[in-house]
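Fold and contact review
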Amino acid sequence: MGEAVSAMGIAILDTDKETANLLAELIAETGEYPSPYTSKDKFLEVINPKQHSIAIISDEFVDVVEGTKQVYNTIEIIAIGASDGSACLKAGASHFLRKPFRADEIVQVIQALGAPGQTRQAQAESPFVVADAAMGRIMEVIRKVAPTQAPVLIMGESGTGKEVIARTIHALSRRRTGPYVGINLAAIPETLLESELFGYEKGAFTGAYATRVGRFEQADGGTILLDEVTEIGYGLQAKLLRVLQERQIDRVGGKSPVKVDFRVISTTNRDIAGEIKAGRFRNDLFFRLNVIPITVPPLRDRRDDILPLAAHFVHKIASREGIQEKVLGAQAKDALLKYSWPGNVREMENIIERAMILTEGDTISAENIHVDGMSMGDAGALPEAGTTIHDMEKRLIYSTLQKVDGNRTKAATLLGISIRTLRNKLNEYTRGGQISDDFPGDPAGCDPEDS
Ligand SMILES: Nc1ncnc2c1ncn2[C@@H]1O[C@H](COP(=O)(O)OP(=O)(O)OP(=O)(O)O)[C@@H](O)[C@H]1O
Ligand SMILES: [Mg+2]
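Numbers given to residues run from 1 along each chain, matching the order in which its sequence is written. Labels follow written order: the first chain is A, the first ligand is 1, and so on. The model is predicted, so local features are restricted to residues of pLDDT at least 70 and side-chain atom pairs to those at 80 or more, both for listing and for counting; the totals for chains, interfaces and linings are taken over all residues. Derived side-chain values reflect all non-hydrogen atoms in the structure, with water molecules and hydrogen atoms excluded from consideration.

1. Quick word on unusual backbone geometry
Selection criterion: Here a strand is any run of E in DSSP of at least two residues, a helix any run of H or I of at least four, and the numbering for each starts at the N terminus. Any residue under 20% of the maximum accessible area for its type is buried, any over 50% is exposed, and the rest in between are partly exposed; the area is computed with a 1.4 Å probe on protein chains only.
Cis peptide bonds are those with omega within 30 degrees of zero, and the linkage from lysine 99 to proline 100 qualifies with 0 degrees. Tracing the chain through its elements places proline 100 in the loop between strand E5 (95-98) and helix H6 (103-114). In this model, glutamate 228 sits at a positive phi of 55 degrees, which is unusual for a non-glycine residue. By secondary structure assignment, the location of glutamate 228 is in the loop between strand E9 (222-227) and helix H11 (234-246). Among the residues examined, glutamate 228 registers a relative accessible area of 23% and is labelled partly exposed. Although it is not a glycine, arginine 247 adopts a positive phi angle of roughly 60 degrees.

Shown next, in the form of structure tokens:
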């Protein structure tokens, strides 16, 4: 247990010295050693996100809760006290425990906060590469809609950059100083989703040790991202619709609704019209979410983004791994441009990462660009769906010729065909001695042995 909660850094603020010390001792049994304070000034002097990830603050200090959350929004605040906790929760505490509580209750809350999988606030904005005209048009829409309150629905294949766009909208909005809270609706089991979204009151169910605010309340004053929104069950969709209409949420086990000020952005990589037709997604919810639709094109439809993105990832991986910067060789660039990118930008990041590791010098060659365990340098780009056998055969013949410097005898041997067949095929591909323009170079015309 000590392992799981260690090194989180906890500061306690309570005017009652005995309470503060007792709390510190109780928590110390888990292997975490909190620092107790009774003075607000002293507490404010020491609190800092490098040393503390959790602050336990008595409800007498609503101003400290608010100030701490505003200045250091990565610090999770557990408020404690005799009030109903609403002022502290409104001020930014994520949990409230009413005194008196048992030691195991606060330990449970601390462990839940330290558990992996807790989504934190949005990390520092990462640079967003926009080079292709198609993405330029999307950027214009983003600039226009960001300052408004309108719900945005971002659609696009997996890995196209939907989350990056959502974050950019938040960063360009008036809510940028407020929280950005994401929740992946595909990742959370249906049974837990309601309390995750809307929070719960202490005692609402077994294991509800403390009143807990949900993601909507966490997003108060900011933006909530409903990632993979089509994955939410039909029943909960009705509740979500009501929250969007009424701008207030009901905590599980709560007695009265809580007003929340949020802007909603949602994403999906599914065909949402198909989901509606199949009766899996509510039409009315779709209309609420889809005020501003943004469709992100797949990478294969915005080829001018390919090389700038590749250069961006080379730089990003070099600085992250502390390795030498590298450049892409001409054939590597060619291979990247020809590839169909079924996994979009995410796939590009993985491929460049692998290439950076494989490359020893300062130039990334096509041999070091691997897709599905195959090097692009060996086979050229993998065929896209829609490529004919005839085209594939042509590509294979040319890339083989390139590899053997145009020697047709060697090429025929490698291809497993006769030299006559090879010559016939090359004649068919070339029109009046010209090689068709989709294959640069002139491998067919440079064989001294066979012309
Ligand atoms: N235009 C871009 N500039 C820089 N990095 C990008 C860009 N687009 C995407 N990325 C990076 O590619 C990866 C995938 O992007 P993101 O997570 O936004 O995709 P997604 O559309 O949400 O995918 P999924 O549907 O699978 O959740 C991330 O690491 C992101 O930082
Ligand atoms: Mg995503």
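2. As for the sheet that holds strand E2 (residues 35-37)
Heads up, the rule is: We treat two strands as partners when DSSP finds at least two bridges between them.
Spatially, 6 strands are ordered E2-E1-E3-E4-E5-E8 in an open sheet, and the strand pairing comes out mixed. Two strands bound the open sheet, and with one partner strand each, they are E2 and strand E8 (211-212).

3. Some thoughts on the site of ligand 1
For clarity, the threshold we go by: Distances are taken per atom, and a residue is near a molecule or strand as soon as one of its heavy atoms is within 4 Å of it. The term polar contact refers here to a pair of N or O atoms within 3.5 Å; inside protein, the definition further demands a hydrogen-donor-capable atom paired with an acceptor-capable atom, and it admits residues adjacent in sequence only when both atoms are side-chain atoms. Residue-level accessible areas treat just the shown protein chains as cover; the underlying method is Shrake-Rupley with a 1.4 Å probe. Gly is put with the polar residues, along with every residue not named as nonpolar or charged; the nonpolar set is Ala, Val, Leu, Ile, Met, Phe, Trp, Tyr, Cys and Pro, and the charged set is Asp, Glu, Lys and Arg. As annotated, the domain borders come from an automatic or database domain assignment.
For ligand 1, the set of nearby residues contains 18 residues, the closest of which are Val129, Ser158, Gly159, Lys162 and Arg346. Asparagine 269 is positioned such that a nitrogen or oxygen atom in its side chain is 3.2 Å from an oxygen atom of ligand 1. Bound to the protein, ligand 1 loses 88% of the 630 Å² it would expose on its own. Of all the secondary structure elements, the ones that give two or more residues to the shell around ligand 1 are helix H8 (162-171), helix H14 (306-321) and helix H16 (344-358). By residue class, the composition of the shell around ligand 1 is 7 nonpolar, 6 polar and 5 charged. Two domains share the shell around ligand 1, each providing at least three of its residues, namely domain 2 (138-296) and domain 3 (300-379).

4. Let's talk about helix H2 (residues 17-28)
Because each turn of an α-helix spans 3.6 residues, side chains separated by three or four positions in sequence point in the same direction. As a reminder of what qualifies: Multiply 1.5 Å by the residue count of a helix minus one, and that product is the helix's expected span. The arc in question is the one spanned by the directions pointing from the helix axis to the C-beta atoms.
The end-to-end C-alpha separation of H2 is 16 Å, in line with the 16 Å expected for 12 residues at 1.5 Å each. Along H2, the residues that are buried comprise Ala20, Leu23, Ala24 and Ile27. Down the axis, H2 shows its buried residues gathered within 100 degrees of arc, on one side only. Exposed side chains of H2 directed beyond 90 degrees from the buried face belong to Glu18 and Glu25.

5. Examining the pairing of strand E7 (residues 180-184)
By the criterion of burial, E7 is predominantly enclosed, with 4 of the 5 residues buried. Pairing of E7 with E9 involves 5 bridges; the strand directions are parallel. Of the residues in E9, the one forming a bridge with isoleucine 183 is leucine 226.

6. A word on helix H9 (residues 190-198)
Put simply, the test is: By the convention used here, residues are in contact when the closest approach between their heavy atoms is within 4.5 Å.
Buried residues of H9: Leu193, Ser195, Glu196, Leu197 and Phe198, and no others. The inward-facing, buried residues of H9 abut E7, E8, helix H10 (215-218), E9, H11 and strand E10 (248-249).

7. Topic: the packing of aromatic side chains
Condition: Paired rings are identified among Phe, Tyr and Trp, the last through its six-membered ring, by centres lying within 6.5 Å, and are further divided according to the angle between planes into stacked (under 30 degrees), edge-to-face (over 60) and tilted (the rest). For a Lys NZ or an Arg CZ to count as sitting over a ring, it must be within 6 Å of the ring centre and within 35 degrees of the ring normal.
Taken as a whole and judged by the stated rule, the model has 6 aromatic pairs. Residues tyrosine 37 and phenylalanine 43 carry aromatic rings whose centres are separated by 6.3 Å and whose planes lie at 75 degrees to one another, so their mutual orientation is edge-to-face. The class for tyrosine 37 is buried, based on a relative accessible area of 16%. Phenylalanine 43 gets classed as buried once you look at its relative accessible area, which sits at 0%. For the ring pair tyrosine 339 and tryptophan 341, a centre distance of 4.7 Å and an interplane angle of 80 degrees mean the geometry is edge-to-face. With respect to burial, tyrosine 339 and tryptophan 341 carry one shared label: buried. Stacked on the ring of phenylalanine 262, the Lys or Arg arginine 247 has its end atom at 4.1 Å from the ring centre.

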